[in-house]
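Now for the letters of each chain:
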Amino acid sequence: MRFAILLPVYNEGATLQRVIEKLLPFKNGDVVIIDDGSTDATPSILERVSVKAVVRHDQNEGYGRSLMDGFDFAKANNYPYCVTMDADEQHEPGFIPCLLEQLDKFDIVSGSRYLNPALSGEVPPPERLEVNRIITEKLHQLTGYNLTDSFCGFKGYRVDGLRKLHLTETNYGFPIQAWLQAAKAGLTVTECAVPLIYKDHSRNFNNQFANRDERLNHYLQVMDREAKLLGLSPSLSPTKK
């Protein structure tokens, strides 16, 4: 099974090389780095590691923009599947097979840090858990998807399914737009339990949100806008997992 492993990175010099080394055993997986204008050691690390491709942004353009550019690479190079994961060691590469093995039945296989709490002894920051819960419940009402974790960036995709989406959200509201467009397009979804890992509880979305309320309000605004554009309402019932 040939697939692309898409890593959006921004100032991940402390962990990037170790993450890439852990991906080497996946002989059919081509590592594609999307460097979103890093100003730390990331560019120099990428000069000495062997990966399939590096997509560079001259300046920081946002998490969503990085994923969209990764998807464009996968589509342009005719990969049947792709996996997205972070480069901060909070996603365990050993769970990639769990994502891939279900892509013969589903368009999106999404990692969930809350599906099987036994996989992790960690407790998420309470305000992040609350925001995730609120958004996940609202997405369920709009999409019918039985999600337990709407914000996990560790996912597997059928690239043909991605071709049906028209993504534009460049920042952290990207997952919300993606879920709503996936539902409108009738994409099928399931989850794969993955460990909950928080290496750094102080990470703060690149200083874009001053507090929990600002972040939640941003997500709700993205959801409201996209739902209206797509004509979605809680009565929508797409193919579920």
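Use the structure listed above.
Residues numbered from 1 in each chain as written. Predicted model: local features only at pLDDT ≥ 70, side-chain atom pairs only at ≥ 80, totals over all residues. Heavy atoms only, no water.

Peer 1: For this particular structure, what's the right way to read the packing of aromatic side chains?
Peer 2: Pairs of aromatic rings are described using the distance from one ring centre to the other and the angle between the two planes. Scanning all chains against the criterion turns up six aromatic pairs. Pairing Phe71 with Tyr157 gives two aromatic rings, centres 5.0 Å apart and planes at 65°, and the pair type is edge-to-face. Linking Phe71 in helix 3 (residues 63-76) with Tyr157 in strand 6 (residues 155-158), this pair joins segments that are 86 residues apart in sequence. Comparing Phe71 with Tyr157 shows no difference in burial state: the two are buried. The ring of Tyr79 has Arg2 lying over it, and the distance from NZ or CZ to the ring centre is 3.9 Å. (Phe/Tyr/Trp six-rings, centres within 6.5 Å; stacked < 30°, edge-to-face > 60°. Helix = DSSP H or I, 4+ residues; strand = E, 2+ residues; numbered from the N terminus. Buried < 20%, exposed > 50% of the residue type's maximum accessible area, 1.4 Å probe, protein only. Lys NZ or Arg CZ within 6 Å of the ring centre and 35° of its normal.)

Peer 1: Hey, could you run me through the environment of Gly144 in this one?
Peer 2: As for its position among the elements, Gly144 is in the loop between helix 5 (126-143) and strand 6. Residue classification places Gly144 among the buried positions, given a relative accessible area of 6%. Here the alpha-carbon distance between Gly144 and Val109, two residues 35 residues apart in the chain, equals 15 Å.

Peer 1: When you look at the pairing of strand 4 (residues 81-84) in this model, what are you seeing that I'm missing?
Peer 2: Each regular strand shows side chains that alternate between the opposite faces of the sheet. Judged by which residues are buried, strand 4 turns out to be covered on both faces: Tyr81 and Val83 on one side and Cys82 and Thr84 on the other are all buried. Where strand 1 (residues 3-9) meets strand 4, four bridges bridge the pair, whose relative direction is parallel. Bridged to Phe3 within strand 4 is Tyr81. In this structure, strand 4 lies alongside strand 6, joined through four bridges in antiparallel fashion. Its bridge partner lying in strand 6, Val83 is registered against Gly156. (Pairing = 2+ DSSP bridges.)

Peer 1: I keep staring at the nonpolar core and nothing clicks. Help me out?
Peer 2: In a soluble, globular protein the nonpolar side chains are often hidden away together inside. Core analysis: the biggest nonpolar cluster contains 43 residues, and Phe71, Cys82, Ile135, Tyr145, Ile176 and Leu180 have the highest contact counts within it. At the level of elements, strand 1, strand 2 (29-36), helix 3, helix 5, helix 6 (159-162), helix 7 (174-184) and helix 8 (212-230) are the ones that each hand at least two residues to this core. Ignoring any residue separated from it by four or fewer positions in sequence, one finds Cys82 in contact with Ala4, Leu6, Phe71, Ala74, Lys155, Gly156, Tyr157, Val159 and Leu162. Formed by 28 residues, the second largest nonpolar core is a distinct cluster that contains Leu16, Ile20, Ala87 and Cys192. (Core = buried A, V, L, I, M, F, W, Y, C linked by side-chain atoms within 4.5 Å. Contact = heavy atoms within 4.5 Å.)

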